[in-house]
Amino acid sequence: MEFSDVVRRRRMVRRYLPEGVPDHVLRRVVEAGRRGPSAGFSQGQSFVVVTDPGVRREIAALAGEDAYVAKGFQPWVSEAPAHVVVCTSEQDYRDRYRAPDKLGPRTELDWPVPFWYVDAGCSLMLLLLAAVDEGLAAGFLALKSYEGLRELLGIPAHVQPIGIVTIGRPAPDRRSGSLDRGRRPAAEVVHHDHWGA
Ligand SMILES: Cc1cc2nc3c(=O)[nH]c(=O)nc-3n(C[C@H](O)[C@H](O)[C@H](O)COP(=O)(O)O)c2cc1C
């Protein structure tokens with residue numbers, strides 16, 4: 001698929017057909033996530049791929065799917081045939097930047113921007129786009145708390161899940177109310193040579 005089509009077609013899909021995603025396809029999507037850039041090539045991102053229906057139901061419960069359905073939406077998380085929990089490790093970045101070819105062991109960066117989240121966002125975007133490129137669809141949801149998910153999946157304390165990517169064949173879904181806001185016009189968000197110009 002043309003890159004511009006992949007970008008244009010990508011949207012958060014919140015309902016899927018029951019058919020599973022073939023293993024080799026899912027592997028390619030996850031591989032795309034692994035190809036993301038990372039500050040200092042720290043590569044602090046990790047991925048928990050979940051296809052087991054029971055575990056997916058438990059993740060859906062942690063995501064509050066019952067309350068979501070009670071609001072008139074279709075079940076999203078429990079019925080998505082594959083989940084990828086995207087994780088990041090702040091410690092990996094702190095360790096990497098103390099390496100001799102970076103700042104050295106005695107320097108602690110002020111971290112004006114937490115690169116571990118920047119890079120997790122890059123990986124997340126690659127997963128979303130790769131799913132579209134495979135003729136699938138993907139959605140992303142964040143949880144209010146990650147303690148339950150951490151316990152369920154055995155994610156270690158130094159690893160922070162940033163959210164869950166759902167992947168599958170798209171089914172017609174109810175659009176998110178957030179979309180009523182519309183996309184902000186370029187004139188408002190793109191500046192040339194100077195802010196406001
Ligand atoms: C960091 C982040 C967190 C999000 N969390 C949720 C979420 O918890 N539930 C949800 O339905 N959508 C979530 N979204 C999806 C946004 O609502 C969606 O990207 C936005 O409305 C624009 O729609 P589009 O991505 O389909 O173009 C999240 C998106 C991002 C980037």
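Provided above is the structure to which this section pertains.
Notes on the structure in this doc start here. (Residues numbered from 1 in each chain as written. Predicted model: local features only at pLDDT ≥ 70, side-chain atom pairs only at ≥ 80, totals over all residues. Heavy atoms only, no water.)

**Quick word on the site of the ligand**
Lining the immediate environment of the ligand, one finds R10, R11, M12, R14, W76, F140, L141, A142, S178, L179 and R183. Within the side chain of R10, an N or O atom sits 2.9 Å from an oxygen atom of the ligand. Here an oxygen atom of the ligand and a side-chain polar atom of R14 are 2.8 Å apart. Isolated, the ligand exposes 630 Å² of accessible area, and the fraction of that covered by the protein chains is 60%. Partitioned by chemical class, the residues of the shell around the ligand number 6 nonpolar, 1 polar and 4 charged. (Near = heavy atom within 4 Å. Polar contact = N/O pair within 3.5 Å; in protein donor to acceptor, adjacent residues only side chain to side chain. Areas by Shrake-Rupley, 256 points an atom, 1.4 Å probe, with all protein chains shown as cover. Nonpolar A, V, L, I, M, F, W, Y, C, P; charged D, E, K, R; others polar.)

**A word on the sheet that holds strand β3 (residues 137-141)**
Taken together, the 4 strands give an open sheet; going across it, the order is β1-β2-β4-β3, and neighbouring strands pair in antiparallel fashion. This sheet does not close on itself; its edge strands, each paired only once, are β1 (45-50) and β3. In this sheet, adjacent strand axes meet at a mean angle of 25 degrees when their direction is disregarded. (Pairing = 2+ DSSP bridges. Helix = DSSP H or I, 4+ residues; strand = E, 2+ residues; numbered from the N terminus. Axes fitted to C-alpha atoms, helices over the stretch in contact; angles between N-to-C directions.)

**Section: the nonpolar core**
V21, V84, L127, V165 and I167 are the most contacted members of the largest nonpolar core, which totals 21 residues. Every element with two or more residues in this core is listed here: α2 (23-34), β2 (82-88), α6 (115-133) and β4 (160-168). Looking at which element gives the most residues to this core, the answer is α6, with 6 residues. Excluding residues that lie within four positions of it along the chain, V84 makes contacts with V30, F47, V48, V49, L127, G163, I164, V165 and I167. (Core = buried A, V, L, I, M, F, W, Y, C linked by side-chain atoms within 4.5 Å. Buried < 20%, exposed > 50% of the residue type's maximum accessible area, 1.4 Å probe, protein only. Contact = heavy atoms within 4.5 Å.)

**Some thoughts on unusual backbone geometry**
The residue W111 is not glycine, and still its phi comes out positive at about 45 degrees. Positionally, W111 belongs in the loop between α5 (90-97) and α6. Owing to a relative accessible area of 10%, W111 belongs among the buried residues under this scheme. Despite not being glycine, D193 has its phi angle at roughly 65 degrees, a positive value. Its place among the elements puts D193 in the segment after α8 (186-189). Classification of D193 as exposed rests on a relative accessible area of 87%.

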